[in-house]
There are 2 protein chains.
Amino acid sequence: MARNTQVTADHNAPPVTQILAEFVATHPGYLAGGWSATVDHEAHRTFMNWLGCAVGAAHHEAADAALAAVNMLQPAAQATLPGRSEKVDMASAALINGITSHTFDFDDTHLKTIIHPAGPVASAVMALAEHTGASGRALIDALVIGIDVSCRVGNAMYPDHYDRGWHITGSTGTLGAAAACARLLGLDTQKTAMALGIAASQPVGMREQFGTMTKPFHPGAAARAGLMSALLASQGFTASPKALEAPRGMMQTVSTKNDWTEITHELGQRFEISFNSYKPFACGIVIHPSIDACAQLRAQGVTPEQIDRIELKVHSLVLELTGKKEPADGLQAKFSVYHGCAAGLTFGFAAEDEFSDEVVNRPDMVALRRKVVATVDDAIDEASADVTAVLLDGRRVHVFVEHAIGSLQNPMSDAQLDAKFHGLSDPVLGADKTTDLIAACWSVSQAGDVRALAALTQP
Amino acid sequence: MARNTQVTADHNAPPVTQILAEFVATHPGYLAGGWSATVDHEAHRTFMNWLGCAVGAAHHEAADAALAAVNMLQPAAQATLPGRSEKVDMASAALINGITSHTFDFDDTHLKTIIHPAGPVASAVMALAEHTGASGRALIDALVIGIDVSCRVGNAMYPDHYDRGWHITGSTGTLGAAAACARLLGLDTQKTAMALGIAASQPVGMREQFGTMTKPFHPGAAARAGLMSALLASQGFTASPKALEAPRGMMQTVSTKNDWTEITHELGQRFEISFNSYKPFACGIVIHPSIDACAQLRAQGVTPEQIDRIELKVHSLVLELTGKKEPADGLQAKFSVYHGCAAGLTFGFAAEDEFSDEVVNRPDMVALRRKVVATVDDAIDEASADVTAVLLDGRRVHVFVEHAIGSLQNPMSDAQLDAKFHGLSDPVLGADKTTDLIAACWSVSQAGDVRALAALTQP
């Protein structure tokens, strides 16, 4: 049989599995000068944003279905599900909290790769930290390290890997979760390499799932798989020490582009969590500039009643990812730039309520989104949007958004993150408990044991 | 940013997710005429061979490590680990039994794709059947259906998918396990499609892991993921109904070759389990012809002491997969055609003991395998081997094996499978209990509840 047994093969890759393992196992933590106060503050912002998203979606039907399935295993009560009263084993908690944190598409974004890094990493390491009674400092250290691993691997493979069909959050998230859990468990370099190796065989997630519960399942499954990879390695389970970089290893198998220097360059000096961003709007990041632009039109006095049509010019990726013209429900609306524009012009923002089934099916919203005429212009960056409101009286009002609110160039403030957290958590935990929880998040690295914070997340 | 957003894209794929879901949910079982007695007997052979392998490796260090990690989750005692006294939750049992069944590389092989189909499928559905008290008939029906799904998807993607780096047993096994469990749970077509869809986001396994514990981890992780996908779907969790075939679905993401007719042609008439084979030797299938040839040399009176060199001519894939010249231990020796030849000539066969660390490091074995001179000849089929023993006295003894024992053309008999089972199980369960267990396997489809058979697998 004629066979092409060398579809891809770079035999000269640097030993990145070993390099990352040594970094994870031996890089000094924050208190030993491992990274700057600015980086460490960003880690707190990432943790808090993750937790708010998880609490907010705690009772979504996706969480209910996942918990019902997990309960068929009669899990031990090891770890908390933020926003719920039930406890499950730590691996199942990693799964479910990863699902809830991404259910509203409201979590963090590493913009260079469109990875949502906290879902896999924080969900895994928080469950492990709670069950083992780890300190908040160890938790945050592990979060910084784990996110660096998943985002660096993402940098190396992006965009080919993503373009091929992988939901890069899940496919790199398993590695980040394994790294964070290996760090928290204090595994040595050799066992950490095994944890990364076991994780490398478990990339999760296809983009075809966008718009279904399996999209948020991806960070959940990645969190679970990463945690289990670290537990397996801790017990002596073995994997290839070249599992990431070998010709038949993970990275060459799932991506035709692998820029190894993205993993090795400034490792331990530049931290990818520094480039994390947080969404003001509860939907895919590529819709944000369009919502922001329409919200600016509203601020300029344009009302839905005045609209003849909205001319929207965006990069082709925006329509590929969020081109649903007639979303049937809230979940689909998160992948509809048309609904995003209608919400921006109608409400001036778009949190979870503005993506509810009820709002999405309101006749005025349906009518308004049908007036959006989207065209592709690849001269416009993915992070920008060009919007012109053509009014019934013939006037044209133009807004160009280069960097939407929530971008690196225009980030949400700590106070805005507090407000976002309240918006997500107040309906679940109440405003008072939410206030306490927010305070606990900002000071989590001073907590001797993360279980007090975990307890605050229960209703 | 210039982007190639269409690395692969076949927008005209038939709806194979839906087609397979309907087949899984509605095809008649054996008693209703769904397949022939010959097919059904092969399913019993597949089940028995799987169970023997799992029992045999029950106390391997890989099983110990995996169970130690699982025990950190404090699992409920829902399902048996054949060969061990402990019980764990059914998903963890699927994981561990998938690992043990593949640890010795002694399990079944679907030769067209090199898929080892029972590991993922039987491990998942047996754990579910035991916990739910299903009948043996339902178990065997689900096994036939599940293996058909994984092998048909494998047929569609092979060989490109495998050549790219995927361990096809794990990457298609998740789908087979999900299908079998959906069938056993009695899910309708729509929910079965969701189960397949959730599973489609979780392909497991890279070939770089061969020679480490993570290789047998692949069928285990696939079994676990498939079972959980079915449980999630049963509770209303959703996925894309085109998760397999869409341009950004699983199959186009992980393979550049997708022959959809391999899935649809004669579906429900031809069953891939008919083409399953069982190994007489405890190693990768591609070494079998070489071992068989050397065993034939031994039968002709050639002894190790006479050897100057062994000239071995094989297909390039044989050396790519099993080219380890100096295996350091038993696990590595399973990927050494050199050791395989030495064992064949020395012992006339190569069961698990002949791949022990002790035998692998014996000076006479080291010396003999260094006398094997392997050369690539792609005119020779992967399933064949051409061996010439060049003796110290100058004589040349030639053996050509076209189809090794254990191949479809030269299958093991039922009695040989019994003997293989005894060889694996007697040291673990004792000969008497093993005899009872073998009888229970051959009659499993008459059992009203599989739990009696499960109990027999405990020491």
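Here the structure is a predicted model, which means the values were calculated and not measured. (Residues numbered from 1 in each chain as written. Chains lettered and ligands numbered in written order. Predicted model: local features only at pLDDT ≥ 70, side-chain atom pairs only at ≥ 80, totals over all residues.)

Draft legend 1. Molecular detail of the overall build of chain A. On a plain count of helices and strands, chain A comes out with 21 helices and eight strands. Computed over the C-alpha atoms, the radius of gyration of chain A is 22 Å, within 12% of the 23 Å expected from 2.2 N^0.38 for a compact globule of 459 residues. If you line up chain A on its principal axes, its C-alpha atoms span 70 × 60 × 45 Å. Counting the 459 residues in chain A, one finds 62% classified as buried. Across chain A, contacts joining residues at least 24 apart in sequence account for 79% of those joining residues at least 6 apart. (Helix = DSSP H or I, 4+ residues; strand = E, 2+ residues; numbered from the N terminus. Rg over C-alpha atoms; globule rule 2.2 N^0.38 Å. Buried ≥ 20, exposed ≤ 12 C-beta atoms within 10 Å, placed from the backbone. Contact = placed C-beta atoms within 7 Å.)

Draft legend 2. Quick look at the sheet that holds strand β8 (residues 396–401) of chain A. Residue and element names in this part refer to chain A. Taking strand neighbours across the sheet as the criterion, the four strands line up as β6-β5-β7-β8 in an open arrangement whose pairing is mixed. The sheet is open, and its two borders are formed by β6 (372–376) and β8, each paired with just one other strand. Across this sheet, the average inter-strand angle for adjacent strands is 15 degrees, counted without regard to direction. Sheet analysis places strand β5 (residues 307–314) next to strand β7 (residues 385–391), joined by six bridges and oriented antiparallel. Across the sheet, residue Arg309 finds its bridge partner in β7, namely Val390. Sheet contacts for helix α13 (residues 288–299): β5, β7 and β8; angle to β7, the most-contacted strand, approximately 40 degrees. (Pairing = 2+ DSSP bridges. Axes fitted to C-alpha atoms, helices over the stretch in contact; angles between N-to-C directions.)

Draft legend 3. Seen up close, the sheet that holds strand β8 (residues 396–401) of chain B. Residues and elements named next belong to chain B. Pairing is mixed in the open sheet, where four strands are placed in the order β6-β5-β7-β8. Edge positions in the sheet fall to β6 (372–376) and β8, since each of these pairs with one other strand and no more. Across this sheet, the average inter-strand angle for adjacent strands is 15 degrees, counted without regard to direction. Its contacts with the sheet put helix α13 (residues 288–299) on β5 (307–314), β7 (385–391) and β8, and the angle it makes with β7 is roughly 40 degrees. Together, β5 and β6 form the strand contacts of helix α16 (residues 337–347), whose direction differs from that of β5 by roughly 125 degrees.

Draft legend 4. Inspection of unusual backbone geometry at higher detail. A cis amide bond, omega 5 degrees, links Tyr158 of chain A with the succeeding residue Pro159 of chain A. Relative to the helices and strands, Pro159 of chain A resides in the loop between α6 (136–157) and α7 (160–164). The backbone phi angle of Gln74 of chain B is positive, close to 50 degrees, even though this residue is not glycine. Here Gln74 of chain B lies in the loop between α3 (61–71) and β1 (79–80). Here Gln74 of chain B falls in the partly exposed class, since 15 other C-beta atoms lie within 10 Å of it. Its identity as a non-glycine residue notwithstanding, Asp105 of chain B has a phi of 50 degrees, on the positive side. Here Asp105 of chain B lies in the loop between α4 (90–103) and β3 (109–110).

Draft legend 5. Broad picture of the domain arrangement of chain A. Residue and element names in this part refer to chain A. With domains assigned, chain A is organised as domain 1 (16–278 + 440–456) and domain 2 (285–401). Put simply, the middle of domain 1 and the middle of domain 2, counted by C-alpha atoms, are 33 Å apart. On the domain 2 side, the residues contacting the eight residues of domain 1 number six residues. (Domains from an automatic or database assignment.)

Draft legend 6. Inspection of the relation of the copies chain A and chain B at higher detail. Between chain A and chain B, which share one sequence, the superposing operator has a rotation angle of 180 degrees and an axial displacement of 0.1 Å; the RMSD is 0.1 Å. Here the two chains are linked by the operation of a two-fold rotation axis. Closest approach to the rotation axis within chain A is made by the C-alpha atom of Pro75 of chain A, at a distance of 3.1 Å. Comparing contact sets, 98% of the residues at the interface of chain A also lie at the interface in chain B, consistent with an isologous, same-surface contact. (Least-squares fit on C-alpha atoms with pLDDT ≥ 70 in both.)

Draft legend 7. Quick peek at the interface of chain A and chain B. Taken together, the contacts link 64 residues of chain A with 63 residues of chain B. Put simply, the parts of the chain that give the side of chain A that touches chain B at least two residues each are α3 (61–71), α4 (90–103), α7, α9 (189–200), α10 (214–234), α11 (250–254) and α14 (316–322) of chain A. Looking at the side of chain A that touches chain B, the element that brings in the most residues is α10 of chain A, giving seven residues. Grouping the constituent residues of the side of chain A that touches chain B by class yields 30 nonpolar, 22 polar and 12 charged. (Nonpolar A, V, L, I, M, F, W, Y, C, P; charged D, E, K, R; others polar.)

Draft legend 8. Representation of the nonpolar core. Membership of the largest hydrophobic core comes to 326 residues, with the highest contact counts inside it found for Val125 and Leu227 of chain A together with Val125 and Leu227 of chain B. Excluding residues that lie within four positions of it along the chain, Leu227 of chain A makes contacts with Met90, Ala91, Ala94, Ala124, Ala127, Leu128, Ala177 and Cys181 of chain A. (Core = buried A, V, L, I, M, F, W, Y, C linked by C-beta atoms within 7 Å.)

Draft legend 9. Seen up close, α10 of chain A. All names here are of chain A. The terminal C-alpha atoms of α10, which comprises 21 residues, lie 29 Å apart, in line with the 30 Å expected from a rise of 1.5 Å per residue. Judged by how many residues are buried, α10 sits mostly within the fold: 21 of 21 residues are covered. Positive phi appears at Gly236, one or two residues downstream of α10, with a value of about 95 degrees. (Expected span 1.5 Å × (residues − 1).)

Draft legend 10. Local environment of the confidence of the model for chain A. Overall, the predicted model of chain A reaches an average pLDDT of 95, with 98% of residues at or above 70. Across residues 1–6 of chain A, confidence stays below pLDDT 50; counting only partners more than four residues off in sequence or on other chains, it has nine contacts. (pLDDT = per-residue confidence, 0-100.)

Draft legend 11. View of the pairing of β7 of chain A. Residues and elements named next belong to chain A. Across six bridges, β7 lies against β8 in antiparallel orientation. Each residue of the ladder has a partner; that of Ala389, found in β8, is Val397. The antiparallel pairing of β7 with β8 creates a hairpin that spans four residues between the two strands, and Gly394 there sits at a positive phi of about 95 degrees.

Draft legend 12. Representation of the environment of Ala440 of chain B in the model. Within the secondary structure, Ala440 of chain B is located in helix α20 (residues 431–442). A residue is classified by how many C-beta atoms lie within 10 Å of it, and Ala440 of chain B, with 21 of them, is buried.

Draft legend 13. Summary view of the packing of helix α2 (residues 37–56) of chain A against helix α20 (residues 431–442) of chain A. Residues and elements named next belong to chain A. Their axes nearest at 9 Å, the elements α2 and α20 cross at an angle of 150 degrees. In terms of orientation, α2 and α20 fall into the roughly antiparallel class. Of the two elements, α2 crosses α20, and the hand of that crossing is right-handed. Of α20, the residues touching α2 (which contributes His44, Phe47, Met48 and Leu51) are Ile438, Cys441 and Trp442. (Parallel < 35°, antiparallel > 145°, perpendicular 65-115°, else oblique. Left-handed = near helix turned anticlockwise from the far one by under 90°.)

Draft legend 14. Spotlight on the environment of Trp35 of chain A. Position of Trp35 of chain A relative to the elements: it lies in the loop between α1 (16–26) and α2. Distance from Trp35 of chain A to His265 of chain A, taken between C-alpha atoms, is 16 Å for residues 230 residues apart in sequence.

Draft legend 15. Molecular detail of the packing of helix α5 (residues 118–132) of chain A against helix α8 (residues 168–185) of chain A. All names here are of chain A. Direction vectors running N to C along α5 and α8 enclose 30 degrees, while the axes themselves pass 7 Å from each other. One finds that α5 runs roughly parallel with respect to α8. Regarding α5 and α8, the two cross each other, and that crossing is right-handed. Every residue of α8 that contacts α5 at Gly119, Pro120, Val121, Ala124, Val125, Leu128 and Ala129 is listed here: Thr169, Gly170, Gly173, Thr174, Gly176, Ala177, Ala180, Cys181 and Leu184.

Draft legend 16. Local environment of α1 of chain A. Those residues of α1 of chain A that sit buried are Val16, Thr17, Leu20, Ala21, Phe23, Val24 and Ala25 of chain A. Where α1 of chain A is buried, its residues meet α6, α8, α9 and α12 (261–264) of chain A.

Draft legend 17. Highlighting the environment of Phe47 of chain B. Residues and elements named next belong to chain B. When you line up the elements, Phe47 lands in helix α2 (residues 37–56). Residues Phe47 and Ala13, 34 residues apart in the sequence, show an inter-C-alpha distance of 33 Å. The residues contacting Phe47, other than those within four sequence positions of it, are Ala122, Ile140, Leu143, Cys441 and Val444.

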